[in-house]
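# Structural overview
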Amino acid sequence: MQLPPALHSRLVGAPGAAKPLPVERDPAAGTPPFHFAARRVRFPRDHEFFEDGDVQRHLYLQDVLTQVTGTPERPRVPEFTCQVAGCCQVFDTLESYEHHYHTLHRNVCSFCRRAFPSVHLLDTHILEWHDSLFQILSERQDMYQCLVEGCAEKFKTSKDRKDHLVRRHLYPADFRFDKPKKSRGPATPGATVQVSSEALGDDGEQSGGDAMEVCSEHAAPLPEAVGERWTYSHRIPSTICFGQGVSRGFKSTKKRKEHQ
Amino acid sequence: MWSGRQSRLKPVGCVVEELRCRRREREAALRKARREQQLISKRLLRDDVLVEAEGGCVAMILGEAEIQQFLQLAQRGTEEKERERALVSLRRGLQHPETQRTFIWLEGSMRTLVGLLTSNQALLQLEAARCLHELSHSEQSAVAEACLPATSYLLTYLSGHSSDFIELCLYTLGNLIVESEAVRRQLLPQGIVPALAACIQSPHLTVLEALGYALSQLLQAKEAPEMIVPSVLGSTLPQNILRLLQPGPKLNLGVAVEFAWCLHYIICSQVNNALLISHGGLSTLGMLLLDVAGAVQRTEDAGLELLACPVLRCLSNLLTEAAVEVMGGPNQLEDERVVVALFILLQFFLQKQPSLLPEGLWLLNNLTANSPCFCTSLLSMDLIEPLLQLLPVSNVVSVLVLTVLCNVAEKGPAYCQHLWPGPLLPCLMGTLASSDTEVVGQSLELLQLLFLYRPEAVEAFLQQSGLQVLEKHQEEAQLQERVHALQQTALHR
């Protein structure tokens, strides 16, 4: 297909439109037995017109799998230690350090040293656990915010919030971080590195082999309503907990430390 | 420009033929799947360089006892390296479908894995996520559905900070999403749309590409037009998608491909395209088209058609929206460089991917149908002849080319003056002789317009034995009336 040579330079030229030639239609055009009418056409998603392009798209998605894909081999660096005070984890790639840092040191509550997966959860935690004003207000109004981003619902108690999360947002009843998901058997003997337990405030006081945290203010098990979909064979934390348990405290409202 | 997803293994000799053969098979399978509306493809992240270098997946089949052993070691081992290694071994095993099946049927296995996923040990967490990723990639629905307990955690991690980890979570989610409606029915109330909307602010290209992939899988779902597209349009995703498609030095091809496909699925669902237009979608896509054409001119990079295709589709479908009909309004696409870009792409398709020619010509139709401007551009930039050169490609292409020519011709004598004399009539003699009814039919339509607005062409038509060519079709049911009418016109000049 031979394109006029001037075309290529036109592409990088200034925007513009041609002055249109005058349009002058004859009423006889496109009349029976003829039927042509200039019109724009649209195709819905499943139209067979799209078959070839769709197939190419999926071959591409599959190709990304059959080739050697993903991250290039991580360059190894001389071993180095995490610089956060009290942490002596050792690394030999920058990427594993990055992940360690973000998991353990990035969103850390400066009051109770718990680490959280996100800023959002950390902020919620600080508000609900270390803000005395929150406690006062929550007696009079619904203060417990739904954890799902975009959901504006607030609740009187953390239990109510949990129920909402389970029913409305299909969260698992035992939604939590930082605990092995086994309800029986001896508790894991903390982290192998001394420092991690500090960062997460592991007091080692587990009440029984259960994943019951000290943090729950309603220590009673969830009452099993008649016709409840789930029957619980073990105590369910009545709060949804994200982080290892430490008793609530009303420390002074210091600003949390920013780990940059 | 690509985010590093190139093959490091160069196939040699007969392996090339084998690869081609397998590709043809895969293509046939995909076509069949699409017709049955079962088009599913998943992405797999694997950075086990050593394993692949040995020329194949050395996935071991693990039995129940071995799986249990690895899980226990991972969970309760005393030495961190030991725990990590246990998970690595598990992950290797999970590359095999047999192991996957055994794993999901083993009681408590998923629970343990989720526990490790949410543990405070960063490297264990990463390995657990990789195991989950392997499972998500399975072609067995039961395996993917067994991963449901993990989804709320995966979503929570999207607002974390570790880009590698987020990328992994996104690909895992994308794989799960495409697998079954049950998964999507859970993910939507769990807040996947707001989670993705927050995550799209990430500056990391790898995260963005993964996000685009996951979102495209979500939008491709059968129930998307009713259940998913509305909430996506109601979020901040559309503006951010358009932002990421802005041409310029920061445009990343891998990222752009994914989000262009997202946009295509949104637009062809016909939910609220006016919203996209109000966010400047037309002009962004138009500029992007120029950018792609420019890239094609410079490099003819393999893979540019992967971006060109969805961009063409988006533009074409958006042009049919009522909001665009208002002439001279702010939502018009009037820059003739769009036509230039399109022709450069048509040439590129002809060489690299002829199956995309119909889609390109479809856009050309939508650009020219109601636009005297663009029709004039075709004439003033001498694009009629290149257009005619596409006629021999296929019947489908012929019909589309002829339709575009009709768009030009129907605008009247000023336009037809530039169509004849010229190469058009001889080409028309060729298409009139076609055995395909649609090709002939469209040729007859064009001929009527030409005779009407350029009567001088009739004489030339007769001299080129036009009547004899017409005669061939006078028995054809769908053509005879028009043939007859044209014969009359020609004879009464």
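See the structure shown above.
Below: a short report on this structure.

Definitions and limits used
Residues numbered from 1 in each chain as written. Chains lettered and ligands numbered in written order. Predicted model: local features only at pLDDT ≥ 70, side-chain atom pairs only at ≥ 80, totals over all residues. Heavy atoms only, no water. Helix = DSSP H or I, 4+ residues; strand = E, 2+ residues; numbered from the N terminus. Buried < 20%, exposed > 50% of the residue type's maximum accessible area, 1.4 Å probe, protein only. Contact = heavy atoms within 4.5 Å. Areas by Shrake-Rupley, 256 points an atom, 1.4 Å probe, with all protein chains shown as cover. Core = buried A, V, L, I, M, F, W, Y, C linked by side-chain atoms within 4.5 Å. Salt bridge = Lys/Arg side-chain N within 4 Å of Asp/Glu carboxyl O. Buried area = accessible area lost by both parts, 1.4 Å probe. Polar contact = N/O pair within 3.5 Å; in protein donor to acceptor, adjacent residues only side chain to side chain. Nonpolar A, V, L, I, M, F, W, Y, C, P; charged D, E, K, R; others polar. Axes fitted to C-alpha atoms, helices over the stretch in contact; angles between N-to-C directions. Parallel < 35°, antiparallel > 145°, perpendicular 65-115°, else oblique. Phe/Tyr/Trp six-rings, centres within 6.5 Å; stacked < 30°, edge-to-face > 60°. Left-handed = near helix turned anticlockwise from the far one by under 90°. Pairing = 2+ DSSP bridges.

### What to know about the overall build of chain A
Counting secondary structure elements, chain A contains seven helices and six strands. Going from the N terminus to the C terminus, chain A shows its helices and strands as α-α-β-β-α-α-α-β-β-α-β-α-β. Taking all 260 residues of chain A together, the buried fraction comes to 47%. Expressed as a percentage of contacts within chain A between residues at least 6 apart in sequence, the contacts between residues at least 24 apart total 48%. For chain A, the computed accessible surface area is about 13,600 Å², with 54% contributed by carbon and sulfur atoms.

### Focus: the nonpolar core
Phe259 and Phe343 of chain B are the most contacted members of the largest nonpolar core, which has 208 residues in total. No other element matches the 12 residues that helix H17 (residues 253-268) of chain B contributes to this core. For Phe259 of chain B, the residues in contact, after removing those within four places along its chain, are Ile200, Leu208, Leu211, Gly212, Leu215, Ile241, Leu244 and Leu245 of chain B. Residues Cys82, Val84, Cys87 and Phe91 of chain A belong to the second largest nonpolar core, which totals six residues.

### Quick notes on the pattern of salt bridges
Applying the stated rule across the entire model yields 26 salt bridges over all chains. Salt-bridge contacts for Asp54 of chain A lead to Arg313 of chain B; the nearest nitrogen and oxygen are separated by 2.8 Å. Of this pair, Asp54 of chain A sits in helix H2 (residues 51-66) while Arg313 of chain B sits in helix H20 (residues 304-318), each in a different chain. Accessibility expressed as a relative area gives 7% for Asp54 of chain A, which makes it buried. Arg313 of chain B gets classed as buried once you look at its relative accessible area, which sits at 0%. One continuous salt-bridge network, built from bridges that share partners, spans Glu51 and Asp52 of chain A together with Glu27, Arg31 and Arg35 of chain B.

### Examining the interface of chain B and chain A
The interface is formed by 146 residues belonging to chain B together with 103 residues belonging to chain A. Considering only the surface of chain B that becomes buried against chain A, Arg34, Asn120 and His161 of chain B emerge as the three largest contributors, covering 7% of it. Applying the counting criterion to the chain B and chain A interface returns 10 salt bridges. Across the pair Arg34 of chain B and Asp54 of chain A runs a salt bridge, and its minimum N-O distance is 2.7 Å. Counting the contacts that link chain B with chain A gives 53 residue pairs in polar contact (both at pLDDT 80 or more). Top element by residues in the side of chain B that touches chain A is helix H22 (residues 337-352) of chain B. It accounts for eight residues. Of the residues that constitute the side of chain B that touches chain A, the class distribution is 60 nonpolar, 51 polar and 35 charged.

### Here we look at the packing of helix H3 (residues 94-106) of chain A against helix H7 (residues 122-136) of chain B
When two helices pack together, their arrangement is given by the angle between the helix axes and the distance between those axes. Two elements in contact, H3 of chain A and H7 of chain B, have axes separated by 8 Å at closest approach and are oriented at 105°. Of the possible angle classes, the one that applies to H3 of chain A and H7 of chain B is roughly perpendicular. For the pair H3 of chain A and H7 of chain B, the contacting residues are Ser96, His99, His100 and Thr103 of chain A in the first and Ala122, Leu123, Gln125 and Leu126 of chain B in the second. For the contact of H3 of chain A with H7 of chain B, the residue count by class is three nonpolar, five polar and no charged.

### What about the packing of aromatic side chains?
For the structure shown, the criterion picks out 18 aromatic pairs over all chains. Judged by centre distance (5.4 Å) and plane angle (75°), the ring pair of Phe80 of chain A and Tyr97 of chain A falls under edge-to-face. Within this pair, whereas Phe80 of chain A is found in strand E1 (residues 76-81), its partner Tyr97 of chain A is found in helix H3, the two being separated by 17 residues in sequence. When its relative accessible area of 22% is taken as the criterion, Phe80 of chain A is described as partly exposed. Each member of the aromatic cluster is reached from another via a ring pair, and the members are Phe43, Phe49 and Phe50 of chain A together with Trp362 of chain B.

### Overview of the environment of Pro20 of chain A
Positionally, Pro20 of chain A belongs in the loop between helix H1 (6-11) and H2. Excluding its chain neighbours within four sequence positions, the residues that come into contact with Pro20 of chain A are Pro372, Cys373, Thr376 and Tyr415 of chain B.

### Some words on unusual backbone geometry
For the bond running from Pro32 of chain A to Pro33 of chain A, omega is 5°, close enough to zero to count as cis. With respect to the element layout, Pro33 of chain A can be found in the loop between H1 and H2. Geometrically, the link from Trp420 of chain B to Pro421 of chain B is a cis peptide bond, its omega value of 0° lying close to zero. Relative to the elements of secondary structure, Pro421 of chain B occurs in the loop between helix H27 (413-416) and helix H28 (424-432). Non-glycine residue Arg113 of chain A carries a positive phi angle of around 65°. Its location among the elements puts Arg113 of chain A in the loop between H3 and helix H4 (119-130).

### Notes on the packing of helix H16 (residues 237-244) of chain B against H17 of chain B
Residues and elements named next belong to chain B. Running from amino to carboxyl end, H16 crosses H17 at an angle of 135°, the nearest separation of the two axes being 10 Å. Considering their axes alone, H16 and H17 lie oblique with respect to each other. In terms of crossing hand, the pair formed by H16 and H17 is left-handed. Contacts between H16 and H17 involve Ile241, Leu242 and Leu244 from the former and Phe259, Cys262, Leu263 and Ile266 from the latter. Across the contact of H16 with H17, the residue classes tally to seven nonpolar, no polar and no charged.

### Quick look at helix H6 (residues 109-117) of chain B
Of all nine residues in H6 of chain B, eight are buried, a share of seventy percent or more. Every buried residue of H6 of chain B is listed here: Ser109, Met110, Thr112, Leu113, Val114, Gly115, Leu116 and Leu117 of chain B.

### Some points on the pairing of E1 of chain A
Residues and elements named next belong to chain A. Across the six residues of E1, zero count as buried, placing the element largely on the outside. Note: E1 against strand E2 (residues 90-93), three bridges, orientation antiparallel. Its bridge partner lying in E2, Phe80 is registered against Phe91.

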